[in-house]
Amino acid sequence: MLIDLHTHSSVSDGTDTPAELVRAARETGLDVVAITDHDTTAGWDEAVSAAPAGLTVVRGMEMSCVGRGVDGNPVPVHLLAYLFDPKDEVFAQELERLRGERTGRIRVMAELLAVDHPEIVPDEILAATGESAGRPHLARALVDIGAVRSVQEAFDGYLSTKSPYYVAKIDTPLERAVEMIKTAGGVSVLAHARARTRGRLLDPDHIRELAAHGLGGVEVEHADHDAADTLFMRELAVELDLIATGSSDYHGSNKLLKLGEHTTAVAQYERLLDEASGVPA
């Protein structure tokens, strides 16, 4: 059984619609795929209704959080949430706040970019972002006007955290996010915690603290983890008795990642299902 628990659709910053995503997942040979768009569940219904025979869709999300970095300072962190009840009032309100943060941030960044690149039209970018606005939408706009050659080049330059065009947003503290997901009947899994190319790293001791707050698992197999960091995360999962997942983090043509590039073991997936009570797969 092939299981990929981290993918994105056009509802956030992927390029495939939810329907296209699930069809591509089955064509790739996947038996299970999770749709985990940023801070939104808007793609769930389309993905489930369009799922081909033989494919199980796991309803999930990737949440924007902030944790404690290895240097002791705050660091952006992504937290995967699986099979939670989207009608949980407290959690739903926090997700609405996060989406508002995303929209406001992208508008300001687009306006800053438009000063130097008048071809950038903030209203047009926001109109095309769907439910969850993100920097990849700005990156595609920069590619379209010829300011950069690729999405990655945009992230390395115009959209990097050191860029004068960069604007921060207020994300959810990790402990609070883990607790809200658990209260909503879901399972939380820390995404790509050793992705060195993305910037500063989360303090491993913070991960240990999160386990006491109800953290369900950690993403072990990921394109941004080298061999040493994959081993580190696997050992940490064993130490803390956490679910260990593997995923592609597929974004369609926005990133050079393939569906099923990394996968989750059946036993780990079954453990995730056993611990969830919000919605069924």
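Look a little higher up for the structure.
Since the structure is predicted, the reported quantities are computational estimates derived from the model, not experimental observations.

1. Some thoughts on the pattern of salt bridges
For the structure on display, the rule yields 19 salt bridges. Put simply, Arg196 and Asp229 hold a salt bridge, and the shortest N to O gap is 2.7 Å. One end of the pair, Arg196, is in the loop between strand E6 (187–190) and helix H8 (204–213); the other, Asp229, is in helix H9 (residues 227–240), with 33 residues separating them in the sequence. By relative accessible area, which is 45% here, Arg196 ends up partly exposed. Residue Asp229 is classed as buried on the basis of its relative accessible area, which comes to 4%. Residues participating in the shared-partner salt-bridge network are Glu94, Arg97, Glu101 and Arg176.

2. Let's talk about H9
For H9, spanning 14 residues, the distance from its first C-alpha to its last is 20 Å, which sits close to the expected 20 Å at 1.5 Å a residue. Of all the positions in H9, only Asp229, Thr230, Met233, Leu236 and Ala237 are classed as buried. Along the axis of H9, the buried positions cluster into a sector of 125 degrees, meaning they face one direction only. Of the exposed residues in H9, the ones pointing more than 90 degrees away from its buried face are Ala227, Ala228 and Val238. At the N-terminal end of H9, a side-chain oxygen is found 3.2 Å from the backbone nitrogen of Ala228, two or three residues along, and the residue is Asp226. Of the residues one or two after H9, Asp241 is the one with positive phi, at around 55 degrees.

3. Things to note about the side chain of His206
Topologically, His206 is positioned in helix H8. Judged by its relative accessible area of 3%, His206 is buried. Among the polar contacts made by the side chain of His206, one reaches the main-chain amide nitrogen of Arg68 at a distance of 2.9 Å. Not counting residues within four places of it along the chain, the set of residues in contact with His206 comprises Gly67, Arg68, Leu174 and Glu175.

4. Description of the pairing of strand E2 (residues 32–35)
The side chains of a regular strand alternate between the sheet's two faces. Side-chain alternation along E2 places Val32 and Ala34 on one buried face and Val33 and Ile35 on a second face that is also buried. As paired strands, strand E1 (residues 3–7) and E2 are joined by 3 bridges and run parallel to one another. Counterpart to Asp4 in the pairing with E2 is Val33. The β-α-β motif built from E1, the intervening helix H1 (residues 18–28) and the parallel element E2 has right-handed crossover chirality.

5. Describing helix H3 (residues 89–116)
Here H3 spans 42 Å end to end across 28 residues, near enough to the 40 Å set by a 1.5 Å rise per residue. Along H3, the residues classified as buried are Phe91, Glu94, Leu95, Leu98, Arg99, Arg102, Arg105, Ile106, Met109, Ala110 and Leu113. Turning to H3, the residues buried within the fold contact strand E3 (56–68), helix H4 (122–127), helix H5 (135–144), strand E5 (172–173) and helix H7 (174–183).

6. Quick look at the packing of aromatic side chains
The tally for this structure, following the rule as stated, stands at 3 aromatic pairs. Seen from their ring centres, Trp44 and Phe84 are 5.2 Å apart, and the 55 degrees between their planes marks the pair as tilted. Residue Trp44 is located in helix H2 (residues 44–50), and its partner Phe84 is located in the loop between strand E4 (74–82) and H3; the two are separated by 40 residues in the primary sequence. For the ring pair Phe84 and Phe91, a centre distance of 5.0 Å and an interplane angle of 75 degrees mean the geometry is edge-to-face. No difference in accessibility class separates Phe84 from Phe91, as the two residues are buried. A network of ring pairs unites the aromatic residues Trp44, Phe84 and Phe91 as a single cluster. Here the guanidinium or amino end of Arg194 rests over the ring plane of Phe232, the centre of that ring lying 4.6 Å away.

About the criteria used
- Residues numbered from 1 in each chain as written.
- Predicted model: local features only at pLDDT ≥ 70, side-chain atom pairs only at ≥ 80, totals over all residues.
- Heavy atoms only, no water.
- Salt bridge = Lys/Arg side-chain N within 4 Å of Asp/Glu carboxyl O.
- Helix = DSSP H or I, 4+ residues; strand = E, 2+ residues; numbered from the N terminus.
- Buried < 20%, exposed > 50% of the residue type's maximum accessible area, 1.4 Å probe, protein only.
- Expected span 1.5 Å × (residues − 1).
- Arc of directions from axis to C-beta.
- Polar contact = N/O pair within 3.5 Å; in protein donor to acceptor, adjacent residues only side chain to side chain.
- Contact = heavy atoms within 4.5 Å.
- Pairing = 2+ DSSP bridges.
- Right-handed = clockwise from strand over helix to strand, strands pointing away.
- Phe/Tyr/Trp six-rings, centres within 6.5 Å; stacked < 30°, edge-to-face > 60°.
- Lys NZ or Arg CZ within 6 Å of the ring centre and 35° of its normal.

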